[in-house]
2 protein chains.
Amino acid sequence: MFNIPTVTNQFGHLIIDKINQKTKPLGALGQLEQCAIQLVTLFSQKVASEDAFKTFAPAINKPTLLVFAGDHGVAAQGVSIAPSDVTSQMVANFVSGGAAINVFCQQLGWQLEVIDCGILHPVTAPSVHNCRLGSITKPLNTDMAMNTAQVLQGFNNAKQLVQQLSHSGCNTIAFGEMGIGNTTSAAAIMAAMLNLPAQQCVGKGTGVSDDIVTRKITVVEQALVLHQLHLADPISLLAALGGFEIVHITGAMLAAAEQGIAVVVDGFICSAAAMAAININPAVKDYLIFAHCSNEQGHRLMLNALDVKPLLQLDLRLGEGTGAALSLPLLQAALGFYNQMASFADAGVEQVVS
Amino acid sequence: MFNIPTVTNQFGHLIIDKINQKTKPLGALGQLEQCAIQLVTLFSQKVASEDAFKTFAPAINKPTLLVFAGDHGVAAQGVSIAPSDVTSQMVANFVSGGAAINVFCQQLGWQLEVIDCGILHPVTAPSVHNCRLGSITKPLNTDMAMNTAQVLQGFNNAKQLVQQLSHSGCNTIAFGEMGIGNTTSAAAIMAAMLNLPAQQCVGKGTGVSDDIVTRKITVVEQALVLHQLHLADPISLLAALGGFEIVHITGAMLAAAEQGIAVVVDGFICSAAAMAAININPAVKDYLIFAHCSNEQGHRLMLNALDVKPLLQLDLRLGEGTGAALSLPLLQAALGFYNQMASFADAGVEQVVS
């Protein structure tokens, strides 16, 4: 379903040479250097020759942040402090510009798009993309959350959305989510994919009590037992344990990679979707930039399993794509130093190599 | 010499109430919430009443990044990979706009000012502030790096510079430095102030070999023994172990606090200067925002000793104020969510408190 070009390293030596000639000690820009290498590599995939590469100035174009919203039947099982109604209320808040993600996108230059993947009370507003797969998933500890046709429909919706963005010139997409109960779904996906006990994957979400954590662990354990025959294939795994927003995010990440778009991954839920995407097509991984390590206890474990180091660790536990949004200036700084810093020769600075 | 107003918490409950009414779970913006509390508290010190506070919109005005440069006699003792000449070459690079700090300041909206506190080869350019205390310090392991009159002159220079910025409306100053050999000076200051063995304070600087690290440790140990009678008083400690740029930074931090200006602290060297400033007048600490935990091994130890948690950990080890520069969007995001996010009541979102 997704034909992702393998990222080639054709200009790798030129990229590293250029970075190492900048007026700074070798490696002194730390993670920004790794970020620059990844972004320049991605954005130069279609550059035809070394000569063309030498005048190529990579840039982030039309950065777009997609917030996917969906409701979760499991929320009624006592795994969250907030009722499912809050998902729709927060979507309305996104539409009227009052949420954290609105403030950060406006400040930092992201175009924000809100996608209703299936929330309890649809928000009537022309700016909300309608990708509804239902109004709420079934509780994952008693049923399949959805059927596989819904998963594939979600992938298809996401692909269309991403293709439109790609045609408009966007080369960087960040992902966020809203969905009461979705840390339970993400924890279940993580436990299934990494073959870990529920206890290591479940955390406090947006701030639940210890009693609710215990309940979440039980719910995830029930789901893992119930669906044990459906967990080997990632599509049926997503149908069993996923959420409407999570399957859209998974599909959109795969579709973005297919278009050569850099994918900025937010917190715990988006990382679970990223893990699912990698499971479906491992070629997606080179397109992923991990923005933030959240406070959610399983997130660090998941990032370690993916062998990635996120750019920020700000103890955010809000979702919405807030961590991804806040990473944009760092991505721009990475390309900024790559494009604009003087070399030792340009600046007349002695190059000392230890 | 510095009359720093004690930061009062007069609107503390209003600030926290306002943050807790925002449409997000309690505490879900993590470190940004702490950052907002600190900035709003600082910027509202002169607000006269609770009524006035309710319409007060705190903002970062004319953010200015000061890069102080100075040369260190100790560089000739084999503690650095680069010769002292490189300090002046990099100052010339700052003037012509080719360094990392130029790129980041331009991208993010900092006004950049370069101050020659005493470098080997003065750079003739009208944009460089002349605060020269000499052309290079004496090696700290064989002599006092400077005399106390030079320290006080540095404080005075810094105070004038900061007062001018304050009068122009600047309320946020970040600090950076350039000086071959200055991690050795900063490590010696740290060892003396925290009463730690040199080995725990010395690191690889911008990337020296293990042999050079061993040499740095020896040099710091020699300095601590030589100056043991001068280490109780922070002014004579700075004269013994400091650098021309370090004493200016210390003075400028104190002067900024005196003016009610928020101080953004960069890496290892600036943190050592901050520690000296706190030693001179503990009231400065409430004005300090720690931007980045660098890769320099003593830095984390120093930040722990100061009981502060920096906003970024990007493995930078460049200095110049690069870590501080990169933190500006986070400071703006902190004030952005504080000023602009909707409350539960505004947005019609159910407030659920766990």
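Our subject is the structure that appears above.
Model, not experiment: these values are computed from the prediction. (Residues numbered from 1 in each chain as written. Chains lettered and ligands numbered in written order. Predicted model: local features only at pLDDT ≥ 70, side-chain atom pairs only at ≥ 80, totals over all residues. Heavy atoms only, no water.)

Chemist: I'd like to hear about the interface of chain A and chain B, residue by residue, with values.
Modeler: How big an interface is tends to be expressed through the accessible area that disappears when the partners come together. Tallying the contact residues gives 54 residues for chain A and 54 residues for chain B. Both faces combined, the contact of chain A with chain B buries some 4,300 Å², and carbon together with sulfur accounts for 61% of it. Taken together, the links from chain A to chain B amount to two salt bridges. Among the ionic pairs, D315 of chain B bridges to K309 of chain A, the shortest N-O distance being 2.7 Å. At the junction of chain A with chain B, the criterion picks out 18 residue pairs in polar contact (both at pLDDT 80 or more). The element contributing the most residues to the side of chain A that touches chain B is helix α15 (residues 328-340) of chain A, with seven residues. Looking at the side of chain A that touches chain B residue by residue, the classes come out as 30 nonpolar, 17 polar and seven charged. (Contact = heavy atoms within 4.5 Å. Buried area = accessible area lost by both parts, 1.4 Å probe. Salt bridge = Lys/Arg side-chain N within 4 Å of Asp/Glu carboxyl O. Polar contact = N/O pair within 3.5 Å; in protein donor to acceptor, adjacent residues only side chain to side chain. Helix = DSSP H or I, 4+ residues; strand = E, 2+ residues; numbered from the N terminus. Nonpolar A, V, L, I, M, F, W, Y, C, P; charged D, E, K, R; others polar.)

Chemist: Which residues make up helix α12 (residues 268-280) of chain B, and what values do they have?
Modeler: All names here are of chain B. Compared with the 18 Å implied by 1.5 Å per residue over 13 residues, the 19 Å span of α12 between its first and last C-alpha is a close match. Of all 13 residues in α12, 11 are buried; the element is thus mostly enclosed. Within α12, the full set of buried residues consists of F268, I269, C270, S271, A272, A273, A274, M275, A276, A277 and I278. (Expected span 1.5 Å × (residues − 1). Buried < 20%, exposed > 50% of the residue type's maximum accessible area, 1.4 Å probe, protein only.)

Chemist: Tell me about the packing of helix α7 (residues 182-194) of chain A against helix α12 (residues 268-280) of chain A, and name the residues and values.
Modeler: Residues and elements named next belong to chain A. Relative orientation of the contacting elements α7 and α12 amounts to 35°, with a least axis distance of 9 Å. When you trace α7 past α12, the crossing you get is left-handed. Here N182, T183, A186, A187, I189, M190, M193 and L194 of α7 come into contact with α12, specifically with F268, I269, A272, M275, A276 and N279. Here the residues of the contact of α7 with α12 are counted per class, giving 11 nonpolar, three polar and no charged. (Axes fitted to C-alpha atoms, helices over the stretch in contact; angles between N-to-C directions. Left-handed = near helix turned anticlockwise from the far one by under 90°.)

Chemist: I'd love a proper account of the packing of aromatic side chains, names of residues and values included.
Modeler: Tallied over the full model, the rule gives eight aromatic pairs over all chains. Ring geometry for F53 of chain A and F56 of chain A: centres 6.2 Å apart, planes at 35°, overall tilted. Ring centres of F11 of chain B and F53 of chain B lie 4.5 Å apart, and the angle between their planes is 20°; this geometry places the pair in the stacked category. In this pair, F11 of chain B is assigned in the segment before α1 (12-20) and F53 of chain B in helix α3 (residues 50-54), connecting sequence segments 42 residues apart. Judged by relative accessible area, which is 4%, F11 of chain B ranks as buried. Taking the relative accessible area as the measure of exposure, F53 of chain B reaches 5% and is therefore buried. These aromatic residues form a ring-pair network of at least three members: F11, F53 and F56 of chain A. Stacked on the ring of Y338 of chain B, the Lys or Arg K18 of chain B has its end atom at 4.6 Å from the ring centre. (Phe/Tyr/Trp six-rings, centres within 6.5 Å; stacked < 30°, edge-to-face > 60°. Lys NZ or Arg CZ within 6 Å of the ring centre and 35° of its normal.)

Chemist: Before we move on, could you go through the sheet that holds strand β5 (residues 262-265) of chain B and cite the residues and values that matter?
Modeler: All names here are of chain B. In spatial order, the strands read β3-β2-β1-β4-β5-β6; together these six strands make up an open sheet with parallel pairing. With one partner strand each, in any of the chains shown, β3 (128-130) and β6 (288-290) form the two edges of the open sheet. Each strand of the sheet is rotated relative to its neighbour by a mean of 30°, with strand direction disregarded. Here strand β1 (residues 64-69) runs beside strand β4 (residues 172-178); their pairing, made up of six bridges, is parallel. In the sheet register, A69 faces β4, and the bridge partner there is M178. (Pairing = 2+ DSSP bridges.)

Chemist: Run through the relation of the copies chain A and chain B, naming residues and quoting values.
Modeler: The operation relating chain A to chain B is a screw motion whose rotation component is 180°, with 0.0 Å of axial translation and a residual RMSD of 0.0 Å. Taken together, the rotation and translation describe the operation of a two-fold axis. Interface residue correspondence from chain A to chain B reaches 100%, placing this contact among same-surface, isologous pairings. (Least-squares fit on C-alpha atoms with pLDDT ≥ 70 in both.)

Chemist: Can you lay out the nonpolar core for me, pointing to particular residues and giving the numbers?
Modeler: Among the nonpolar cores identified, the biggest contains 287 residues, and F104 of chain A together with F104 of chain B are the most heavily contacted of them. In contact with F104 of chain B, other than residues within four places in its own chain, are L29, L32, A333 and F337 of chain A together with T322, A325 and L326 of chain B. (Core = buried A, V, L, I, M, F, W, Y, C linked by side-chain atoms within 4.5 Å.)

Chemist: For the sheet that holds strand β3 (residues 128-130) of chain A, give the residues involved together with the corresponding values.
Modeler: All names here are of chain A. Taken together, the six strands give an open sheet; going across it, the order is β3-β2-β1-β4-β5-β6, and neighbouring strands pair in parallel fashion. Each edge of the open sheet carries a strand with a single partner, namely β3 and β6 (288-290). Sheet twist, expressed as the mean angle between neighbouring strand axes with direction ignored, is 30°.

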